[in-house]
Amino acid sequence: MDSEQLKLEDKKISIALMSSFVVLMVQYLILVSADLMGTTTGRSVQLLSKTVVVTAFAYALPIVLRRNKKRCIGTYLAGISVLLAHYVMFPENNVHQQQLMLPLFSMCLPAFIYSSTICDWKVLRDIMKKASYIVFCAGVLLGILLFLGRASVGTYSMPLSYYLLLPALMFIDEFLDRPSLKDIVFAFLLIVLILAVGSRGPIMCILVFIMLKLIGPRKRLRYTDLFAYLILLCLVVVMALSLDQLLAYMYHSLDRVGISSRSILLFSQPQVYLTGRDALCNRVIDEIADSPFIGIGIGGDRRVLEGDYVHNLLIELMADYGIPMGSVFVFMLVLLMSRFFLSRNKDQYDMFAIWLSIGMVPKLVSGSYLESMNFWIVLGLMSRGVVTRYRHP
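Predicted model, so just to flag it, every value in this text is computed and none were measured.

If you had to explain empty space enclosed by the protein to someone new, which residues and values would you point to?
Across all of its chains, the model carries one cavity of 30 Å³ or more by this definition. Computed from the structure, the largest cavity encloses a volume of approximately 60 Å³. When contributions to the lining of the largest cavity are tallied by element, the ones reaching two or more residues are α15 (346–360) and α16 (373–384). Taken together, the residues that form the lining of the largest cavity break down as eight nonpolar, no polar and no charged.

Which residues make up the packing of aromatic side chains, and what are the values?
The final tally for this structure, using the stated rule, is 16 aromatic pairs. Aromatic ring contacts, followed pair by pair, group Trp-121, Phe-340, Phe-341, Tyr-349 and Phe-352 into a single cluster.

Can you explain the packing of helix α14 (residues 313–341) against α15? Please cite residues and give values.
For any two helices packed against each other, the geometry is given by the interaxial angle and the distance between the axes. Running from N to C, α14 and α15 point in directions that differ by 160°, and their axes come no closer than 11 Å. Taken together, α14 and α15 sit at an angle that is classed as roughly antiparallel. Taken as a pair, α14 and α15 cross one another with a handedness that is left-handed. Here Leu-313, Leu-333, Met-337, Phe-340 and Phe-341 of α14 lie close against α15, whose contacting residues are Gln-348, Tyr-349, Phe-352, Leu-356 and Met-360. Looking at the contact of α14 with α15 residue by residue, the class counts come to nine nonpolar, one polar and no charged.

Could you give an account of the pattern of salt bridges, naming the residues involved and the relevant values?
Side chains that differ in charge, positive against negative, can pair when their charged atoms come close. Evaluated as defined, the whole model comprises 17 salt bridges. Where Asp-173 meets Arg-125, a salt bridge forms, and the shortest distance between an N and an O atom there is 2.2 Å. With Asp-173 in helix α6 (residues 165–177) and Arg-125 in helix α4 (residues 121–147), this pair connects stretches of sequence that are 48 residues apart. Take Arg-125: its relative accessible area is 4%, and that puts it in the buried class. Residues Arg-125 and Glu-174 are paired through a salt bridge, measuring 3.6 Å at the closest nitrogen-oxygen approach.

Outline the environment of Val-208, listing residues and values.
Inspection of the secondary structure puts Val-208 in helix α8 (residues 201–215). Note on Val-208: relative accessible area 21%, which makes it partly exposed. Considered as a pair, Val-208 and Ser-357 are 149 residues apart in the sequence and their alpha carbons are 6.8 Å apart.

Could you give an account of the layout of surface pockets, naming the residues involved and the relevant values?
Estimates place the volume of the second largest pocket at around 1500 Å³. Lining the second largest pocket are 36 residues, with Leu-24, Met-107, Glu-371, Ser-372 and Met-373 positioned closest to its centre. Those elements that provide at least two residues to the lining of the second largest pocket are α1 (3–33), α2 (40–89), α3 (94–116), α5 (158–163) and α16. The element that contributes the greatest number of residues to the lining of the second largest pocket is α1, accounting for seven residues. Tallied by class, residues from the lining of the second largest pocket come to 22 nonpolar, 11 polar and three charged.

Requested: an account of the packing of α6 against α15, with residues and values cited.
Two elements in contact, α6 and α15, have axes separated by 10 Å at closest approach and are oriented at 150°. In terms of orientation, α6 and α15 fall into the roughly antiparallel class. Considering only the axes of α6 and α15, their crossing is right-handed. On α15, the residues that touch Leu-165, Leu-166, Leu-169, Met-170, Asp-173 and Asp-177 of α6 are Lys-346, Asp-350, Ile-354, Ser-357 and Ile-358.

Describe the nonpolar core, naming the residues involved and giving the relevant values.
By size, the foremost hydrophobic cluster in this structure holds 108 residues, and its most contacted members are Met-18, Met-128, Trp-355, Met-360 and Trp-376. Considering every element that reaches this core, the biggest residue donor is α1, with 11 residues. Ignoring sequence-local partners within four residues, the contact set of Trp-376 consists of Leu-104, Cys-108, Leu-109, Ala-111, Phe-112, Ser-115 and Tyr-369.

Conventions and cut-offs
- Residues numbered from 1 in each chain as written.
- Predicted model: local features only at pLDDT ≥ 70, side-chain atom pairs only at ≥ 80, totals over all residues.
- Heavy atoms only, no water.
- 1 Å grid on protein atoms, 1.4 Å probe; cavity = no way out; pocket = protein on both sides within 12 Å on 5 of 7 lines; lining within 4 Å.
- Points joined across faces, edges and corners; volume = space filled by probe spheres on them.
- Helix = DSSP H or I, 4+ residues; strand = E, 2+ residues; numbered from the N terminus.
- Nonpolar A, V, L, I, M, F, W, Y, C, P; charged D, E, K, R; others polar.
- Phe/Tyr/Trp six-rings, centres within 6.5 Å; stacked < 30°, edge-to-face > 60°.
- Axes fitted to C-alpha atoms, helices over the stretch in contact; angles between N-to-C directions.
- Parallel < 35°, antiparallel > 145°, perpendicular 65-115°, else oblique.
- Left-handed = near helix turned anticlockwise from the far one by under 90°.
- Contact = heavy atoms within 4.5 Å.
- Salt bridge = Lys/Arg side-chain N within 4 Å of Asp/Glu carboxyl O.
- Buried < 20%, exposed > 50% of the residue type's maximum accessible area, 1.4 Å probe, protein only.
- Core = buried A, V, L, I, M, F, W, Y, C linked by side-chain atoms within 4.5 Å.

Nothing here speaks to function; it is geometry throughout.
The structure is reproduced here in structure tokens:
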């Protein structure tokens, strides 16, 4: 098969993977702007959104099956075997395990399989850029409606802030590589929107990504790049020295237009406020201590927390599989990530940094790996291998 055909097929797979990012943001814009949350019409919009994403995945399915049918079959056999074993061993968790079947088998495992079959990451990155512009436009439009008082997301919106994470990272990545006014302005607008109506998790992901970029492989800088970095460094220093006053100014400015920023308020506090998730973690840790070798099974944290989950990937793995097997999984994740951390190929490293910040870092403070497509996309990309037909300009 020639390279153009391979790129075309990679494009179809990449569109399938990125379709959820675009569709979820557009869906959220429609539901919030038209005040359709919880209504019959809103549920119809959500059904249509799911249909669009399923169609995109179905369109690329023949390519995925032709490239690696064995991985498809093996992945589902492994998933079914693990869940079936836990279903038998932990009958007290069966209700929660049944609820996890749909997201795991219809979203997470397909995301892993599809991402692991992409040959050319350059194609995926190009689709990520295009998706970022669409999400940016929808996010900014919703932000304008929120600031004008034409729409409301309540006290804050965690989904919106994570929807905006992809374009924010892409624009920051572009700026750090090739400084431009457009990229820094777009990134700034998204960060302000996240701070105004979002949660703190995406801000942490952005900071982690910037740190990873700064310690990663570097390209040869031009004088204009150095000048842009110098200006940015001066701005960061000034902002750091006057952080309290800056946060206070932002909070009161947003409050004047009717937006009370929960994130800015929490960032302004002298101590770290964990919104009660430390208590959730402690309860699950206590349960792990009572059964350290086999854990409390998949869905066990939801049983213990009465429907909630632990919001921490490491603790969730230990709870699901016990300390010995959970430690093995953590070691395997670290081993996979270390290949990218040690890579001297800048383009490989940058893609890893972006997806790590989108799919892995959030799972340390929010969500569950059993329901996160982004987490499984990261696993699929890492499992593909960093040297296998990777191309990037």
